[in-house]
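The chain contents come next:
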Amino acid sequence: MAVSAQCRECGHAVANDAAKCKKCGALRPADPDWKGEGFEWKSRASWMGYPLVHVAFGCDTRGRPRIARGVIAVGQRAIGAVSCGIVAGGIVSIGVVSCGVISLGVVSVAFACAIGVNAIAPYAIGVTAIGFIVRGIATVGWVAQ
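A brief look at the structure comes next. Note that this is a predicted model, so its numbers are computed, not measured.

### Here we look at the overall build of the protein
Moving on, step 1. Looking only at helices and strands, the protein features zero helices and eight strands.
Moving on, step 2. If one aligns the C-alpha atoms of the protein with their principal axes, the spans along those axes are about 70 × 35 × 15 Å.
Moving on, step 3. Here the protein holds 145 residues, and the buried ones make up 31% of them.
Moving on, step 4. Within the protein, residue pairs in contact and separated by at least 24 positions form 8% of the contacts whose partners lie at least 6 positions apart.
Moving on, step 5. Entry remark: accessible area of the protein is about 8,600 Å², with carbon and sulfur atoms responsible for 65%.
Moving on, step 6. Distance from the positive charge centre (14 side chains) to the negative charge centre (7 side chains) of the protein: 9 Å.

Below you can see the structure in the form of structure tokens.
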């Protein structure tokens, strides 16, 4: 291993072809222009410090997953008023695992209405539904329809 570069994050000596810095864990540490893998876009307009639309996929420079945070958030992990992603949280959330006021997904947990394979909410619709008013095949609730 020929050490001839410095890590762009911590300044530790690394090889030119190193995949990861041994000290700080940064990916591709010898490349000063590397911005991470994936895609990220934010709208210029914002509300209360959050972009109106934030789209984020992939990993940042340290190898951590990018999280979309905005009024409308789209990504692998999304947090916003309206969020769509593999893991989503917000007022209206759509995702494989979703949590919010109104949720739609495989696993949905909501404060008002959840629709999904596994749904937990006061009003829950799903194959397995738990709540006050429930619809589904295997249900636990006060009112089953």
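Here the narrative resumes, following the displayed structure.
### What about the environment of Arg77?
Moving on, step 1. With respect to the helices and strands, the residue Arg77 is situated in strand E7 (residues 67-120).
Moving on, step 2. By relative accessible area, Arg77 is classed as partly exposed at 40%.
Moving on, step 3. Taking the C-alpha atoms as reference, Arg77 lies 8.0 Å from Ala56; in sequence the two are 21 residues apart.
Moving on, step 4. Discounting residues that sit within four places of it in the chain, Arg77 has contacts with Pro65, Arg66, Ile67, Ala68 and Val87.

### A few points about the pattern of salt bridges
Moving on, step 1. Applying the stated criterion across every chain, the model contains one salt bridge.
Moving on, step 2. Arg66 is the partner of Glu40 in a salt bridge, and the nearest nitrogen-oxygen pair spans 2.8 Å. Pair noted here: Glu40 is in strand E3 (residues 37-42) and Arg66 is in the loop between strand E6 (53-59) and E7, with a separation of 26 residues, a long-range link.
Moving on, step 3. Residue classification places Glu40 among the partly exposed positions, given a relative accessible area of 38%.
Moving on, step 4. For Arg66, a relative accessible area of 12% translates into the label buried.

### Examining unusual backbone geometry
Moving on, step 1. Despite not being glycine, Met48 has its phi angle at roughly 55°, a positive value.
Moving on, step 2. Its place among the elements puts Met48 in the loop between strand E4 (46-47) and strand E5 (50-51).

The rules behind each value
- Residues numbered from 1 in each chain as written.
- Predicted model: local features only at pLDDT ≥ 70, side-chain atom pairs only at ≥ 80, totals over all residues.
- Heavy atoms only, no water.
- Helix = DSSP H or I, 4+ residues; strand = E, 2+ residues; numbered from the N terminus.
- Buried < 20%, exposed > 50% of the residue type's maximum accessible area, 1.4 Å probe, protein only.
- Contact = heavy atoms within 4.5 Å.
- Areas by Shrake-Rupley, 256 points an atom, 1.4 Å probe, with all protein chains shown as cover.
- Lys, Arg positive; Asp, Glu negative; His and termini not counted.
- Charge placed at Lys NZ, Arg CZ, Asp CG, Glu CD.
- Salt bridge = Lys/Arg side-chain N within 4 Å of Asp/Glu carboxyl O.

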